[in-house]
Amino acid sequence: MMSANVLRFAHFSDMHLTSRRYSWRTEDWFNKRLAAWLNLTVAGRGYRFRHAPQTTAAMVRDLRQRRADYLLFSGDATAMGFDDELEVLTSLLPLDEWPGIAVPGNHDYCTKTAQREEIFERRFARWQQGQRIDAERYPFAVRAGDVWLIGVNSAVGNRWPWDATGRVGASQLQRLRVLLAGLTGEGPRLLITHYPVVRASGRPEPFLRKMHDLDAVIEVCAAGRVSAWLHGHIHTAFHFPKGVHAPFPIVCAGSATQTRRWSYGEYEIRDGLLRAGVREYDPAGDLFRETRAFELELA
Ligand SMILES: [Fe+2]
Ligand SMILES: [Fe+2]
């Protein structure tokens with residue numbers, strides 16, 4: 001029997017929705033956005049995400065049917081970091097229907113301007129409310145039942161098209177250290193960020209895709225009693241128990257919308273365990289259903 005205070009979390013990621021119109025600027029011909037556009041239109045990314053609006057709508061129906069209590073979004077809402085694309089997402093997924101936490105992915109910071117203008121943050125403001133140690137936006141912590149959710153930004157607006165690396169950065173890392181040390185109250189601490197610890201194979205990310213300060217972030221998280229690292233960026237869902245690649249378990253939500261990889265995670269946390277169901281899209285029925293389940297002991 002489920003006790004009254006056990007929340008049902010839904011963790012989704014890497015929606016990569018795009019729009020029929022984009023607000024191009026002259027600078028976009030000289031930054032990463034042109035390469036992202038070529039990737040989308042010529043290199044097949046658009047084809048891989050051709051069902052993204054339909055899949056998102058099906059996920060929203062599933063969230064309602066499953067009575068998800070709290071949504072966790074680990075970034076890459078967009079293909080090219082346009083506000084037009086975020087508008088598509090918010091038209092399909094009413095953010096005010098659920099409490100949630102959201103952090104950006106590298107595509108949401110496709111350009112330095114997108115990052116500086118906080119396009120993602122303005123759309124997701126409702127899901128970025130919480131406890132901070134100063135005026136800086138990241139990291140932040142929010143309480144959901146007896147669980148602490150900690151939002152860390154690991155995406156940066158990179159200059160070069162081939163650079164898909166991430167970084168938490170020294171100043172955010174220091175704030176994370178202080179934030180974690182100051183959290184009061186018992187209960188598990190779930191870190192939500194975009195970048196992974198390892199790939200599904202267990203191997204580290206390649207140099208041009210890795211999080212540069214990963215080891216330092218893991219160290220701060222371990223010292224700050226983080227119970228699990230929840231992320232996206234890799235479009236296939238996978239997980240590792242604690243002690244394999246980090247002192248805590250790792251869960252990748254995968255992409256909710258990429259054709260034939262489409263899935264999201266449903267979690268309940270009880271008795272020091274994260275009980276997860278992977279809910280996968282079935283195009284024949286235009287619905288999500290659970291295809292596998294797993295349990296992880298929290299750190
Ligand atoms: Fe992605
Ligand atoms: Fe990503």
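Above this text you will find the structure in question.
To start, this report covers the structure provided alongside it. (Residues numbered from 1 in each chain as written. Chains lettered and ligands numbered in written order. Predicted model: local features only at pLDDT ≥ 70, side-chain atom pairs only at ≥ 80, totals over all residues.)

## Quick word on the overall build of the chain
Item 1. The helix and strand inventory of the chain stands at eight helices and twelve strands.
Item 2. In summary, the chain has a C-alpha radius of gyration of 18 Å against a globular reference of 19 Å for 299 residues, a match within 12%.
Item 3. Reported as C-alpha extents along the three principal axes, the dimensions of the chain are approximately 50 × 45 × 35 Å.
Item 4. Within the chain, buried positions represent 46% of all 299 residues. (Helix = DSSP H or I, 4+ residues; strand = E, 2+ residues; numbered from the N terminus. Rg over C-alpha atoms; globule rule 2.2 N^0.38 Å. Buried ≥ 20, exposed ≤ 12 C-beta atoms within 10 Å, placed from the backbone.)

## Quick notes on the pairing of strand β6 (residues 189–192)
Item 1. Of the two faces of β6, the one carrying Arg189 and Leu191 and the one carrying Leu190 and Ile192 are both buried.
Item 2. Across four bridges, strand β5 (residues 147–151) lies against β6 in parallel orientation. Bridging across to β6, leucine 149 finds its partner in leucine 190.
Item 3. Handedness of the crossover joining β5 and β6 through helix α7 (residues 170–182) is recorded here as right-handed. (Pairing = 2+ DSSP bridges. Right-handed = clockwise from strand over helix to strand, strands pointing away.)

## Let's talk about the pairing of β5
Item 1. Within β5, five of the five residues are buried, which leaves it mostly tucked inside the rest of the structure.
Item 2. The two faces of β5 match: Val147, Leu149 and Gly151 on one face and Trp148 and Ile150 on the other face are all buried.
Item 3. As paired elements, strand β4 (residues 140–144) and β5 share five bridges and run antiparallel to each other. Bridge assignment links phenylalanine 140 to a residue of β5, and that residue is glycine 151.
Item 4. Between β4 and β5, which pair antiparallel one after the other, the connecting turn spans two residues, and glycine 145 there sits at a positive phi close to 65 degrees.

## Some words on helix α1 (residues 32–41)
Item 1. Those residues of α1 lying buried are Lys32, Arg33, Ala36 and Trp37. Along the axis of α1, the buried positions cluster into a sector of 140 degrees, meaning they face one direction only. (Arc of directions from axis to C-beta.)

## Here we look at the sheet that holds β5
Item 1. Here six strands make up an open sheet; going across it, the order is β4-β5-β6-β7-β9-β8 and the pairing mixed. The open sheet has two edge strands, β4 and β8 (238–240), and neither has a second partner. Each strand of the sheet is rotated relative to its neighbour by a mean of 20 degrees, with strand direction disregarded. (Axes fitted to C-alpha atoms, helices over the stretch in contact; angles between N-to-C directions.)

## Details of the sheet that holds strand β1 (residues 8–12)
Item 1. With respect to topology, six strands assemble into an open sheet ordered β3-β2-β1-β10-β11-β12, the strand pairing being mixed. Among the strands making up the open sheet, the edge pair consists of β3 (100–102) and β12 (287–297). Averaged over all pairs of adjacent strands, the angle between strand axes in this sheet comes to 20 degrees, irrespective of strand direction.
Item 2. Where strand β11 (residues 273–282) and β12 come together, ten bridges link them in antiparallel fashion. Across the sheet, arginine 275 pairs through a bridge with glutamate 295, a residue of β12.
Item 3. Contacting β1, β10 (263–270), β11 and β12, helix α3 (residues 52–65) crosses the sheet at an angle of about 65 degrees to β12. (Contact = placed C-beta atoms within 7 Å.)

## Concerning unusual backbone geometry
Item 1. Between tyrosine 138 and proline 139 the backbone carries a cis peptide bond, its omega angle lying at -5 degrees.
Item 2. Mapping proline 139 onto the fold places it in the loop between α6 (119–123) and β4.
Item 3. The phi dihedral of aspartate 14 falls on the positive side, at around 50 degrees, and the residue is not glycine.
Item 4. Counting through the fold element by element, aspartate 14 comes out in the loop between β1 and α1.
Item 5. Unlike most non-glycine residues, histidine 16 shows phi in positive territory, near 50 degrees.
Item 6. Topologically, histidine 16 is positioned in the loop between β1 and α1.

## Side note on the environment of valine 198
Item 1. Residue placement: valine 198 occurs in the loop between β6 and α8 (214–223).
Item 2. Taking the C-alpha atoms as reference, valine 198 lies 9.9 Å from leucine 214; in sequence the two are 16 residues apart.

## Looking at the nonpolar core
Item 1. Ranked by size, the top nonpolar core spans 81 residues in total, and within it Leu72, Leu149, Leu191, Ile192, Ala228 and Trp229 carry the most contacts.
Item 2. Other than its neighbours up to four places away in sequence, leucine 72 contacts Phe9, Ala10, His11, Gly100, Ile101, Leu149, Ile192 and Leu230. (Core = buried A, V, L, I, M, F, W, Y, C linked by C-beta atoms within 7 Å.)

## Here we look at the packing of α7 against α8
Item 1. The interhelical angle for the contact between α7 and α8, taken along N-to-C directions, is 10 degrees, at an axis separation of 9 Å. Classified by the angle between their axes, α7 and α8 sit roughly parallel to one another. Contacts between α7 and α8 pair Leu173, Leu176 and Arg177 from the former with Ala216, Val217 and Val220 from the latter.
Item 2. Per-class residue counts for the contact of α7 with α8 are five nonpolar, no polar and one charged. (Parallel < 35°, antiparallel > 145°, perpendicular 65-115°, else oblique. Nonpolar A, V, L, I, M, F, W, Y, C, P; charged D, E, K, R; others polar.)

No statement about biological role is implied by the geometric values presented.
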